Amino acid sequence: MLNKIYDWVDERLDITPIWRDIADHEVPEHVNPAHHFSAFVYCFGGLTFFITVIQILSGMFLTMYYVPDVENAWKSVYYLQNEVAFGEIVRGMHHWGASLVIVMMFLHTLRVFFTGSYKKPRELNWIVGVLIFCVMLGLGFTGYLLPWDMKALFATKVGIEIAASVPFIGELIKILLAGDATIIGAQTLTRFFAIHVFFLPAALFALLAAHFIMIRRQGISGPL
Amino acid sequence: MHRGKGMKFVGDSRVKANNRMVNMPKDYSEYPGKTEAFWPDFLLKEWMVGAVFLIGYLLLTVAHPSPLEGPADPTNASYIPLPDWYFLFLYQLLKYTYASGPYNVIGAIIMPGLAIGALMLMPFLDKGPERRPSKRPLPTVFMLLSLAAMIFLTWESVVNHDWEAAKAQGEIKEQVDIEIDETAEGFLIFSGEQGKSCIACHGADMQGGGAAPALVGNELTAEEVAEVIKNGRGAMPAGQFAGTDEELQVLAEFIASLKAEE
């Protein structure tokens, strides 16, 4: 039955080359922890992606309750945390995932650095990786404000002051982020929400796609 | 593409009717070493690593609920801010003389900018063919130094932060919502001539204010309340109540009755 469905689709769309390309790439011995335990360092990239997927899923569930508005943002998070069934778990996974994804990404970066895998011909993939790192830090920074509690507000104030100290364009960056030259308030919260939920994830998806397509194109770097 | 052959007319599919690829895995026996296919052999192993990781992750989530402080209050001028832990090293950097104040641009823009820029341009700074860390000492040493600096700055930031005060300043203050019986004898004394100085600080709604705590939702017995009224406590001076001892007794019992429901 499944074979027949597959054949029916394949006859029309020729999906076999796509599927074979995704499924049928070689995994060399030196990156396989089943053969060399020390190869676990090659898992960090995959684990980063794994947590990213969890972040996307838990984030989608969080937006079912979260209200990006100064009156209700904190209340909605409090309600989610204390009243909603498993709300504490969903928020907890998103909260700890945000930290773990930074840790795993950092370890992945160090692995690529110390194995010299960024060298020709993989320069472009390294640059895309560093951009992903920046996007992740941006997600961490914007997400920190969203619960709209004391530490969120005051950490964001400091962060925006640092952005404002950029020569020449600092003031513009500040107004772009905060929505106002002086106030950190309702505008800032909705902007950070939009950046955290739409702009940065869109950039992240594009960069991840480029990252993975390049890995598939070039294959994993050889043993040292 | 066969130059139009095999296509009957414009708009026909580019997928040809025959010569489709057979869905068969590659033969890995000719690859070096113990190379294996990603699907399903290696993915299964990766999945096991992921499962072990997920267990640790969930244990962390269950053991440490994510923190939530009191709602944001922009009027609070005494709050000591702290960023998330992975920004602590940058935050600490800005506390040093030549990275703050008039030199703020150095600590906030130039140093992080140089670090990110160097990281981004790594492949063009370190162009040699050598991959082993020991064969390219400069990049290795620079990276180890940056790592040490980040760890040191984060450490300094953590030991210099007053975690007790940070915990206290962020605490969620419970808003106690208790019906006050405004016809009770105790309330009449509180709002009457005898209780003038009570209202001045604790407010007519008994919710407290800048100088005094809320009276509703207190955790004292009637005797303890009377004691506080007579002798004062903390910022509250002694002997503020102007009424008689009987009135004091009634007032103390009234205030002690304003408990949050269990």
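Residues numbered from 1 in each chain as written. Chains lettered and ligands numbered in written order. Predicted model: local features only at pLDDT ≥ 70, side-chain atom pairs only at ≥ 80, totals over all residues. Heavy atoms only, no water.

**Quick word on the overall build of chain A**
Working step 1: Scanning chain A from N- to C-terminus turns up nine helices and one strand.
Working step 2: The order of helices and strands in chain A, counted from the N terminus, is α-α-β-α-α-α-α-α-α-α.
Working step 3: Counting only C-alpha atoms and orienting by the principal axes, one finds that chain A spans roughly 55 × 50 × 35 Å.
Working step 4: For chain A, buried positions account for 48% of its 224 residues.
Working step 5: For chain A, the accessible area works out to roughly 11100 Å², and carbon and sulfur atoms hold 72% of it.
Working step 6: On chain A, the mean spot of the 15 positive side-chain charges and the mean spot of the 17 negative ones are 5 Å from each other. (Helix = DSSP H or I, 4+ residues; strand = E, 2+ residues; numbered from the N terminus. Buried < 20%, exposed > 50% of the residue type's maximum accessible area, 1.4 Å probe, protein only. Areas by Shrake-Rupley, 256 points an atom, 1.4 Å probe, with all protein chains shown as cover. Lys, Arg positive; Asp, Glu negative; His and termini not counted. Charge placed at Lys NZ, Arg CZ, Asp CG, Glu CD.)

**Here we look at the packing of aromatic side chains**
Working step 1: Counted under the stated rule, the structure contains 22 aromatic pairs over all chains.
Working step 2: Taken together, a centroid distance of 5.6 Å and an interplanar angle of 55 degrees make the contact between A:F141 and A:F192 tilted. Taken together, the residues A:F141 in helix α6 (residues 123–145) and A:F192 in helix α9 (residues 186–218) connect sequence positions 51 residues apart.
Working step 3: According to the relative accessible area criterion, A:F141 is partly exposed, its value standing at 22%.
Working step 4: One aromatic cluster in this structure is built from A:F50, B:W47, B:F53 and B:Y57.
Working step 5: Of note, A:R12 hangs over the ring of A:W8, and the distance from its end group to the ring centre comes to 3.9 Å.
Working step 6: Cation over ring: B:R136 sits above A:F113, and NZ or CZ is 5.4 Å from the ring centre. (Phe/Tyr/Trp six-rings, centres within 6.5 Å; stacked < 30°, edge-to-face > 60°. Lys NZ or Arg CZ within 6 Å of the ring centre and 35° of its normal.)

**Points about the environment of B:G232**
All names here are of chain B.
Working step 1: Following the sequence through the fold, G232 ends up in the loop between α9 (222–231) and α10 (245–256).
Working step 2: Given the relative accessible area of 18%, G232 is considered buried.
Working step 3: For the pair G232 and L188, spaced 44 residues apart in the sequence, the C-alpha separation amounts to 21 Å.
Working step 4: Not counting the four nearest positions on each side in its chain, G232 is found in contact with E227, P237 and A238. (Contact = heavy atoms within 4.5 Å.)

**What about the interface of chain B and chain A?**
By convention, interface size is frequently given as the accessible area that disappears when the constituent parts associate.
Working step 1: With 75 residues of chain B in contact, the opposing surface of chain A contributes 85 residues.
Working step 2: Of the roughly 7300 Å² buried where chain B meets chain A, counting both sides, 69% is carbon and sulfur surface.
Working step 3: When residues of chain B are sorted by the area they lose upon contact with chain A, B:Y57, B:L68 and B:R131 head the list and together hold 10% of the total.
Working step 4: Summed over the shared surface of chain B and chain A, the result is three salt bridges.
Working step 5: Here A:K119 makes a salt bridge to B:D126, at a shortest N to O gap of 3.1 Å.
Working step 6: Where chain B packs against chain A, one counts 33 residue pairs in polar contact (both at pLDDT 80 or more).
Working step 7: Going through the elements one at a time, β1 (36–37), α1 (38–63), α3 (104–120), α4 (122–125) and α5 (137–159) of chain B are the ones with two or more residues in the side of chain B that touches chain A.
Working step 8: The element contributing the most residues to the side of chain B that touches chain A is α1(B), with 13 residues.
Working step 9: Residues belonging to the side of chain B that touches chain A are distributed by class as follows: 48 nonpolar, 13 polar and 14 charged. (Buried area = accessible area lost by both parts, 1.4 Å probe. Salt bridge = Lys/Arg side-chain N within 4 Å of Asp/Glu carboxyl O. Polar contact = N/O pair within 3.5 Å; in protein donor to acceptor, adjacent residues only side chain to side chain. Nonpolar A, V, L, I, M, F, W, Y, C, P; charged D, E, K, R; others polar.)

**Here we look at the domain arrangement of chain B**
Working step 1: Domain boundaries in chain B define domain 1 (85–161) and domain 2 (185–256).
Working step 2: Distance between the C-alpha centres of domain 1 of chain B and domain 2 of chain B: 58 Å. (Domains from an automatic or database assignment.)

**Observations concerning the layout of surface pockets**
Working step 1: Empty space within the second largest pocket amounts to approximately 1600 Å³.
Working step 2: As for the second largest pocket, its lining consists of 50 residues, and the residues nearest its centre are A:G45, A:G46, A:F212, A:I215 and B:E46.
Working step 3: Elements with a contribution of two residues or more to the lining of the second largest pocket: α2 (16–23), β1 (26–27), α3 (44–62), α5 (87–114), α6 and α9 of chain A together with α1 of chain B.
Working step 4: Broken down by element, the lining of the second largest pocket gets its largest block of residues, eight residues, from α3(A).
Working step 5: The residue inventory of the lining of the second largest pocket, partitioned by class, reads 27 nonpolar, 15 polar and eight charged. (1 Å grid on protein atoms, 1.4 Å probe; cavity = no way out; pocket = protein on both sides within 12 Å on 5 of 7 lines; lining within 4 Å. Points joined across faces, edges and corners; volume = space filled by probe spheres on them.)

**Focus: the UniProt feature "transmembrane region" (unreviewed entry) in chain B**
All names here are of chain B.
Working step 1: Sites flagged by UniProt as "transmembrane region" (unreviewed entry) map to residues 103–125 and 137–155.
Working step 2: Secondary structure within residues 103–125 divides into 91% helix and 0% strand; the distance between the first and last C-alpha atoms comes to 28 Å.
Working step 3: Along residues 137–155 the backbone is 100% helical and 0% strand, and the end-to-end C-alpha distance reaches 27 Å. (UniProt positions renumbered as here; feature names shortened; annotations may be inferred.)

**Considering the UniProt feature "transmembrane region" (unreviewed entry) in chain A**
Working step 1: Residues annotated by UniProt as "transmembrane region" (unreviewed entry) correspond here to residues 39–67, 96–114, 126–146 and 193–215 of chain A.
Working step 2: Between the end C-alpha atoms of residues 96–114 of chain A there is a gap of 27 Å, over a span that is 100% helix and 0% strand.

**Considering α3(A)**
Working step 1: Given a rise of 1.5 Å per residue, 19 residues ought to cover 27 Å, and the 26 Å separating the end C-alpha atoms of α3(A) matches this to within 8%.
Working step 2: Inspection of α3(A) places A:F44, A:L47, A:T48, A:F50, A:I51, A:T52, A:I54, A:Q55, A:S58, A:G59 and A:L62 among the buried residues, and these make up the whole buried set.
Working step 3: Of the surrounding elements, those touching the buried residues of α3(A) are α4 (73–82), α5, α6 and α9 of chain A together with α1 of chain B. (Expected span 1.5 Å × (residues − 1).)

**Side note on α5(B)**
Residue pairs three or four apart in sequence face the same way in an α-helix, which turns once every 3.6 residues.
Working step 1: For α5(B), which comprises 23 residues, the first-to-last C-alpha distance of 33 Å matches the rise-based estimate of 33 Å (1.5 Å per residue) to within 8%.
Working step 2: Residues of α5(B) that are buried make contact with α5 of chain A together with α2 (88–93), α3 and α4 of chain B.

**A word on the side chain of A:E123**
Working step 1: Note that A:E123 resides in helix α6.
Working step 2: In this structure A:E123 is buried but unpaired, with A:K120 as the nearest side chain of opposite charge at 6.5 Å.

**Description of the packing of α5(A) against α6(A)**
Residue and element names in this part refer to chain A.
Working step 1: Two elements in contact, α5 and α6, have axes whose closest approach is 11 Å; the angle formed by their N-to-C orientations is 160 degrees. As far as their axial angle goes, α6 and α5 are roughly antiparallel. Crossing geometry of α5 relative to α6 is assigned as left-handed. The segment α5 lies against α6, with V101, I102, M105, F106, T109, V112 and F113 engaging W126, I132, F133, M136 and L137.
Working step 2: For the contact of α5 with α6, the residue count by class is 11 nonpolar, one polar and no charged. (Axes fitted to C-alpha atoms, helices over the stretch in contact; angles between N-to-C directions. Parallel < 35°, antiparallel > 145°, perpendicular 65-115°, else oblique. Left-handed = near helix turned anticlockwise from the far one by under 90°.)

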